[in-house]
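Inside the fold
One letter stands for each residue in the lines below.
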Amino acid sequence: MTEAILLVGGKGTRLRPLTVHTPKPMVRAAGVPFLTHQLARARAAGVDHIVLATSYLAEVFEPYFGDGASLGLHIEYVTEEEPLGTGGAIRNVASRLHSAPDDPVLIFNGDILTGLDIRALVDTHQRTEADVSLHLTKVTDPRAYGLVPTDETGRVTAFLEKPQTPEEIVTDQINAGAYVFRRSVIDTIPTGRPVSVERETFPDLLSAGAHLQGMVDSTYWLDLGTPAAFVRGSADLVLGRAPSPAVPGRCGDRLVLPTARVAPDAKLAGGTVVGEGAFVAEGARVFGSTILPGAVIEPGAVITDSLIGTKARVGERSILTGTVIGDGAIIGPDNELTDGARVWCDAQIPARALRFSPDQ
């Protein structure tokens, strides 16, 4: 196994305002763009050639990663002019692959944080002589996902998209967003139009009698599609709960990047990250949160499970819980924002303008 495709073209609309200026895979998690963790894990598993299937804000990837040499990789970039879906994106980059028809090609979705044993997935694919192998994971509530039942040998028997009734929930196994394709199968995906591997490619292959193999790996798995999940994923990387060789420092309760400044009596915990050039002032308390580069947390602010955008500012004594503050936004002193609040880039909230509890 030497090749992989990373699907990084999505707009990340569920993550806005984080993705107003930054494509989802380039939003920082544990101090580096999330994509860095995926690239590093692929390299550790033996991959040396990766094609990035880009679309939204495609111009930011290559200036950051270049040819991939700093990560021990050879990276190429292919940009979709029009969104092509997961299957269309895979087919669109096929000309950049060097594999022989029966060789395995690894494919990752660019928004999944996982502890998947990549080598084990490839070994399963080759041992079973499958056409496509899928990473499956088990979840407590599968209604938001595509179900993938398998037989006693692990062979996939059906694809069931987002079941809503108890009768439709026939398994707790879901498609976890990592695949191994036989190289020749990629060439069967239609060109020039949007194609979904989940709704079209996989069901069509199954109907045609192809061998689709599932491998259940229920180690760490998180879909980073929402701000709350993204913040949690970053904290889990810092805490060491999610594995990655790309975390720029030792795992622990906090990660303070070079040039960041933290007052001696400020408290950081729960996997908090303070990015380059950011400042956390005296008396501030930050738990399980991401402070992006250049942001300022003023004295006495309390921030929990939140993300503070690049060069944003949180005023004195403001309390933020489960919120996202966009790049350049300013939260004045003595505000209180609670779960689900999103403040757009460059917005300004005056002092004492917002509260969710009685004024003390």
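As the structure is a computational prediction, the values presented were derived from the model and not from experiment. Once a new chain begins, its residue numbering starts again from 1 and follows that chain's sequence as written. The model is predicted, so local features are restricted to residues of pLDDT at least 70 and side-chain atom pairs to those at 80 or more, both for listing and for counting; the totals for chains, interfaces and linings are taken over all residues. Calculation of side-chain values draws on the structure's entire complement of heavy atoms; hydrogens and water are dropped beforehand.

Once that is clear, we can look at the side chain of D327. By secondary structure assignment, the location of D327 is in the loop between β26 (324–325) and β27 (330–331). The side chain of D327 is buried and forms no salt bridge, while R28, the nearest opposite charge, is found at 9.5 Å. Sequence-distant contacts of D327, that is, excluding residues within four places in its chain, are made with H21, G309, T310, C345 and D346. Where helices and strands are cited, they refer to DSSP runs of H or I of at least four residues and of E of at least two residues respectively, numbered from the N terminus. With a 1.4 Å probe rolled over the protein chains alone, any residue whose accessible area is under 20% of its type maximum counts as buried; one over 50% counts as exposed, and the rest are partly exposed. Positive charges are assigned to Lys and Arg, negative charges to Asp and Glu, while His and the chain termini are left out of the count. Take a side-chain nitrogen of Lys or Arg and a carboxyl oxygen of Asp or Glu: if they are within 4 Å of each other, that pair is a salt bridge. Only heavy atoms matter for contacts: two residues are in contact if any of them lie within 4.5 Å across the pair.

On to the domain arrangement of the protein. All the domain ranges listed were derived from an automatic or database domain assignment. Each assigned domain of the protein is listed with its residue range as follows: domain 1 (2–223) and domain 2 (253–349). A separation of 33 Å is found between the C-alpha centroids of domain 1 and domain 2. Listed per partner, the contact involves 10 residues of domain 1 and 15 residues of domain 2. Accessible-area loss on putting two parts together, using a 1.4 Å probe and summing over both, is the definition of buried area adopted here. Here domain 1 and domain 2 share an interface that buries about 1000 Å² over both sides, 66% of which is from carbon and sulfur atoms. Taken as a group, P17, L18 and R28 account for 51% of the area that domain 1 buries against domain 2, more than any other trio of residues on that side. Put simply, E276 and R28 hold a salt bridge, and the shortest N to O gap is 3.3 Å. Polar contacts, as used here, are pairs of N or O atoms within 3.5 Å; protein pairs need one atom able to donate a hydrogen and one able to accept it. Residues neighboring in sequence count only if both atoms are side-chain atoms. Counting across the interface, domain 1 meets domain 2 through three residue pairs in polar contact (both at pLDDT 80 or more). By the convention adopted, Pro, Cys, Tyr, Trp, Phe, Met, Ile, Leu, Val and Ala count as nonpolar, Lys, Arg, Asp and Glu as charged, and the other residues, Gly among them, as polar. In terms of residue class, the side of domain 1 that touches domain 2 is built from five nonpolar, two polar and three charged.

Moving on, we come to the sheet that holds strand β16 (residues 267–269). Here five strands make up an open sheet; going across it, the order is β16-β19-β22-β25-β28 and the pairing parallel. Here the strands that pair on one side only, and so sit at the sheet edges, are β16 and β28 (336–337). Pairing between β16 and strand β19 (residues 285–287): three bridges, direction parallel. For A269, the partnering residue across the bridge sits in β19 and is F287. Pairing between strands is defined by DSSP: at least two bridges between the two strands are required.

The term nonpolar core refers to a set of buried residues drawn from Ala, Val, Leu, Ile, Met, Phe, Trp, Tyr and Cys, joined through side-chain atoms within 4.5 Å. Core analysis: the largest hydrophobic core is formed by 29 residues, its most contacted members being I5, L134, F181, I186, F202 and L212. Of all the secondary-structure elements, those providing two or more residues to this core are β1 (3–7), β4 (49–54), α3 (85–92), β6 (104–109), β8 (132–138), β11 (173–182), α5 (183–186) and α6 (197–207). Those residues in contact with I186 that sit more than four places away from it in its chain are I5, I90, R91, A94, L97, V105, I107 and F181.

A word on the sheet that holds strand β14 (residues 254–256). Strands pair in a sheet through their backbones, by hydrogen bonds, and they do so in one of two ways: parallel or antiparallel. The six strands are arranged β14-β17-β20-β23-β26-β29 in an open sheet whose pairing can be described as parallel. Each edge of the sheet is formed by a strand with only one pairing partner; in this case those strands are β14 and β29 (342–343). On top of the sheet, helix α7 (residues 227–239) reaches β14, β17 (272–274), β20 (290–291), β23 (307–308), β26 and β29; it is set at about 90° to β17, its chief contact. An axis is simply a line fitted to the C-alpha atoms; with a helix, the fit covers only the stretch in contact. Between two such axes, the angle follows the N-to-C directions and lies from 0 to 180 degrees.

Turning next to the pairing of β1. With five of its five residues buried, β1 lies for the most part within the structure. Every second residue of β1 is oriented toward a common face, with E3, I5 and L7 on one face and A4 and L6 on the other, all of them buried. Sheet topology places β1 next to β4; five bridges connect them, and they run parallel. Each residue of the ladder has a partner; that of E3, found in β4, is H49. Of the strand pairs in this sheet, β1 and β6 are connected by four bridges, and their pairing is parallel. Bridging from a neighbouring strand, A4 pairs with L106 of β6.

Let us look at the pattern of salt bridges. The tally for this structure, following the rule as stated, stands at 16 salt bridges. R352 is the salt-bridge partner of D334, the closest N and O atoms lying 3.8 Å from each other. Note that D334 is positioned in the loop between β27 and β28 and R352 in the segment after β30 (348–349), a separation of 18 residues in sequence. Here D334 falls in the buried class, since its relative accessible area comes to 17%. Notably, a salt bridge pairs R355 with E336, separated by 3.8 Å at the nearest N-O pair. Of this pair, R355 sits in the segment after β30 while E336 sits in strand β28, placing them 19 residues apart in sequence. The class for R355 is partly exposed, based on a relative accessible area of 36%. Exposure remark for E336: the relative accessible area of 12% places this residue in the buried category. Each of E316, R317, D334 and R352 takes part in salt bridges that share partners, so that together they form one network.

What follows covers the UniProt feature "domain: Nucleotidyl transferase" (unreviewed entry) in the protein. UniProt positions are given in the numbering used here, feature names are shortened, and annotations may be inferred rather than shown by experiment. Feature annotation in UniProt assigns "domain: Nucleotidyl transferase" (unreviewed entry) to the following positions: residues 4–236. Between the C-alpha atoms that bound residues 4–236 the distance is 25 Å, and the span itself is 26% helix and 25% strand.

The subject of this paragraph is α6. By the burial criterion, the buried members of α6 are V197, E198, T201, F202 and L205. With its buried residues spanning 110° around the axis, α6 presents them on a single face. Residues of α6 that are exposed and point more than 90 degrees away from the buried face comprise R199 and S207. Positive phi appears at G209, one or two residues downstream of α6, with a value of about 90°. An arc is given here, and it is the one of the directions from the helix axis to the C-beta atoms.

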